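# A look at the structure
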Amino acid sequence: MSEIDLSDMQTVRTIRDQLGPQDGAAFVNYVVKHHVKSASYCGQPLLNTEGEAPDTVGEAIDLTARRDALERQVVVGMRAPIHSRELAKEKWDGLIRSRDIMIDAQARLRSEFGDGAKLRPEWMSLETRMAEINRKLVAMKPTVFGSDI
């Protein structure tokens, strides 16, 4: 396809007009979005199975149709409702991260104050917050990991 000047819009229109509606739209999309020399280039070259740019208009159309279908799947997947177990898992992970941060804070207190760290008000606050997180984790465990645990 290197012999076709895709920067010449009259050439692009002529080719598009020779194609069916879907193929014509895919070809124009290739020229506008996926052709490396386009001002609106998406930044990800369309390559065939040999890792080369398309040699023909037909190959450009096929590669464009596949890429566009994959992009639509990603968008649809992002809109799909999240299962309640997945939401619980995300909340679980957030609680684990918060607890880990508090454990790190306790380790810093120990390194700074030694055995006296447990007498500090920050320590008690961390202990109280970690106990609350642990209580939530215990309650969530059957939802996140199944009721057989």
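Structure report, in brief. (Residues numbered from 1 in each chain as written. Predicted model: local features only at pLDDT ≥ 70, side-chain atom pairs only at ≥ 80, totals over all residues. Heavy atoms only, no water.)

### Thoughts on the pattern of salt bridges
The full count for this structure, using the stated rule, is five salt bridges. The partner of Arg16 in a salt bridge is Asp17, and the shortest N-O contact between them spans 3.1 Å. (Salt bridge = Lys/Arg side-chain N within 4 Å of Asp/Glu carboxyl O.)

### A short note on a negative patch on the surface
A contiguous patch of negative charge on the surface is contributed by Glu3, Glu50, Glu52 and Asp55. Its location among the elements puts Asp55 in the loop between helix H2 (21–34) and helix H3 (57–79). For Asp55, a relative accessible area of 46% translates into the label partly exposed. (Patch = residues over 30% accessible without salt bridge, like charges linked within 9 Å, V, L, I, M, F, W, Y side chains within 5 Å. Areas by Shrake-Rupley, 256 points an atom, 1.4 Å probe, with all protein chains shown as cover. Lys, Arg positive; Asp, Glu negative; His and termini not counted. Charge placed at Lys NZ, Arg CZ, Asp CG, Glu CD. Helix = DSSP H or I, 4+ residues; strand = E, 2+ residues; numbered from the N terminus. Buried < 20%, exposed > 50% of the residue type's maximum accessible area, 1.4 Å probe, protein only.)

### Structural notes on the side chain of Arg67
With respect to the helices and strands, Arg67 occurs in helix H3. Within the buried core, Arg67 has no salt-bridge partner, and the shortest N-O distance to an opposite charge, that of Glu71, equals 4.7 Å. In terms of polar contacts, Arg67 uses its side chain to reach the backbone carbonyl oxygen of Gln44, at 3.0 Å. Leave out the neighbours within four places in its chain, and Arg67 touches His34, Cys42, Gln44, Pro45 and Leu46. (Polar contact = N/O pair within 3.5 Å; in protein donor to acceptor, adjacent residues only side chain to side chain. Contact = heavy atoms within 4.5 Å.)

### Some words on the packing of helix H4 (residues 84–113) against helix H5 (residues 121–145)
Taken N-terminus to C-terminus, the directions of H4 and H5 make an angle of 155 degrees; their axes are 9 Å apart at the nearest point. Comparing the axis directions of H4 and H5 gives the class roughly antiparallel. For H4 against H5, the interelement crossing comes out left-handed. When the residues that make up the contact of H4 with H5 are grouped by side-chain class, the tally is 17 nonpolar, four polar and ten charged. (Axes fitted to C-alpha atoms, helices over the stretch in contact; angles between N-to-C directions. Parallel < 35°, antiparallel > 145°, perpendicular 65-115°, else oblique. Left-handed = near helix turned anticlockwise from the far one by under 90°. Nonpolar A, V, L, I, M, F, W, Y, C, P; charged D, E, K, R; others polar.)

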